[in-house]
Amino acid sequence: MKAMILAAGRGQRLRPLTDTTPKPLIHAGDKRLIEYLIEALVSAGFSDIVINYAHLGEQFPIVLGDGEKYGATFHYSPELDGGLETAGGIINALPLLGNEPFLVVNGDIWTDFNFASLKDFTLAQDTQCHLVLVNNPEHNTEGDFSLGQDGQVQHHGEDKLTFSGIGIYKPAMFTGLDNSKRPLKPLFDAAIQQNQVSGQIHHGQWSDIGTLERLNELTQQLENEKL
């Protein structure tokens, strides 16, 4: 299974850092945010990785190279400055992702999720995607989706959870969609209405590093773990 890291976001809330550095290339502790994900993916057996970029995108191949130093092979999917959003970025990268289901991870999260648990994951015939959900953080207290007892992701439920930015997708989910700016949420909504989305809960560590405050919290956490 191939993996894709979504790294094209502008990172407005992390300015001024993102005025000169793409958000996934910002350091948290000793490593860049994207490097924690790369190392976790490679450790789990995902060595063929697609990385999209837009804002200051030329920095990615310069900083990360072709993946050899991480034990991986990188394929870059460039977008115009401004990006294509989440679904648009995936659609643009489909020629690099192939015809089989693939893993997609947001490039601005930090997590201890065990990606190896998804390496040989098989989507059911009538399922378009599989989402990893987490307990709601303070910045998303109302959550995104709920998870039924049958493992189906739902719009309605008492205990809503937050989409972690980790998911497995069939290429067919994007069939017929033009290569333009497009978010993932409407695609999720349509697939959920057809009972075509499965999910699981990750109870471990997860953070969306979307603000300077959360970046500083992660940096402090990593420093404490070194002591």
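It should be emphasised that the depicted structure is a prediction, and the values quoted were computed from it without experimental measurement. (Residues numbered from 1 in each chain as written. Predicted model: local features only at pLDDT ≥ 70, side-chain atom pairs only at ≥ 80, totals over all residues. Heavy atoms only, no water.)

Points about the nonpolar core
Nonpolar side chains in soluble globular proteins tend to be buried together.
And step 1. In terms of nonpolar packing, the biggest core is built from 31 residues, with Ile-51, Leu-64, Leu-103 and Phe-115 touching the most fellow members.
And step 2. Of all elements in the fold, only β1 (3–6), α1 (33–43), β4 (48–53), α2 (59–64), β5 (73–78), β6 (102–106), β8 (129–134) and β11 (162–169) reach the threshold of two or more residues within this core.
And step 3. For Ile-51, the residues in contact, after removing those within four places along its chain, are Ile-5, Ala-7, Ile-34, Phe-60, Leu-64, Phe-74, His-75, Tyr-76 and Ser-77.
And step 4. Counting residues in each nonpolar core, the second largest holds 26 residues, with Ala-93, Leu-131, Leu-133 and Phe-163 among its members. (Core = buried A, V, L, I, M, F, W, Y, C linked by side-chain atoms within 4.5 Å. Buried < 20%, exposed > 50% of the residue type's maximum accessible area, 1.4 Å probe, protein only. Helix = DSSP H or I, 4+ residues; strand = E, 2+ residues; numbered from the N terminus. Contact = heavy atoms within 4.5 Å.)

Quick look at the sheet that holds β11
And step 1. Taken together, the seven strands give an open sheet; going across it, the order is β5-β4-β1-β6-β11-β8-β12, and neighbouring strands pair in mixed fashion. The strands lining the two open edges of the sheet, one partner per strand, are β5 and β12 (197–202). Taken over all neighbouring pairs, the strand axes of this sheet differ in orientation by 25° on average, direction set aside.
And step 2. Here β1 pairs with β6 via four bridges, running parallel. When the sheet's bridge partners are listed, Ile-5 is paired in β6 with Val-105.
And step 3. Each of β8, β11 and β12 is contacted by helix α4 (residues 185–193), which is oriented at about 110° to β12, the strand it contacts most. (Pairing = 2+ DSSP bridges. Axes fitted to C-alpha atoms, helices over the stretch in contact; angles between N-to-C directions.)

Re the environment of Gly-143
And step 1. Along the chain, the position of Gly-143 falls in the loop between β8 and β9 (146–147).
And step 2. Here the alpha-carbon distance between Gly-143 and Asp-159, two residues 16 residues apart in the chain, equals 8.4 Å.
And step 3. Beyond its immediate stretch of four places on either side in the chain, Gly-143 contacts Asn-136, Lys-160, Leu-161 and Thr-162.

Regarding the packing of aromatic side chains
And step 1. Per the counting criterion, the structure on display carries eleven aromatic pairs.
And step 2. Arranged with centres 5.3 Å apart and planes meeting at 85°, the rings of Phe-113 and Phe-115 form a pair that is edge-to-face.
And step 3. Looking at Phe-113, the relative accessible area reads 7%, which means it is buried.
And step 4. A relative accessible area of 1% places Phe-115 in the buried class.
And step 5. Three or more aromatic residues joined by ring pairs form one cluster here, namely Phe-102, Phe-145, Phe-163, Tyr-169, Phe-174 and Phe-188.
And step 6. Above the face of the Phe-46 ring, Lys-119 is positioned so that its terminal group lies 5.4 Å from the ring centre. (Phe/Tyr/Trp six-rings, centres within 6.5 Å; stacked < 30°, edge-to-face > 60°. Lys NZ or Arg CZ within 6 Å of the ring centre and 35° of its normal.)

Considerations on the pairing of β1
Successive residues of a regular strand alternate their side chains across the two faces of the sheet.
And step 1. Along β1, one buried face is formed by Ala-3 and Ile-5 and the opposite face, lined by Met-4 and Leu-6, is buried too.
And step 2. Two strands pair when backbone bridges link them, and β1 and β4 are joined in this way by four bridges, in the parallel orientation. From the neighbouring strand, Ala-3 faces β4, where its bridge partner is Ile-49.

So, the side chain of Thr-127
And step 1. The residue Thr-127 is located in the loop between β7 (109–111) and β8 in this model.
And step 2. When neighbours within four sequence positions are excluded, Thr-127 is seen to be in contact with Lys-170, Gln-196, Val-197 and Ser-198.

Section: the pairing of β4
And step 1. Most of β4 sits inside the fold, with five of its six residues counted as buried.
And step 2. Read as a crossover between parallel neighbours, the route from β4 over α2 to β5 is right-handed. (Right-handed = clockwise from strand over helix to strand, strands pointing away.)

Quick look at the pattern of salt bridges
And step 1. Taken as a whole and assessed by the stated rule, the structure comprises eight salt bridges.
And step 2. Between Arg-10 and Asp-19 there is a salt bridge, and its shortest N-O distance comes to 3.2 Å.
And step 3. For Arg-10, a relative accessible area of 30% corresponds to the partly exposed category.
And step 4. We classify Asp-19 as partly exposed; its relative accessible area is 32%.
And step 5. Put simply, Lys-185 and Asp-189 hold a salt bridge, and the shortest N to O gap is 3.0 Å. Taken together, the positions of Lys-185 and Asp-189, both in helix α4 and four residues apart, correspond to about one turn of that helix. (Salt bridge = Lys/Arg side-chain N within 4 Å of Asp/Glu carboxyl O.)

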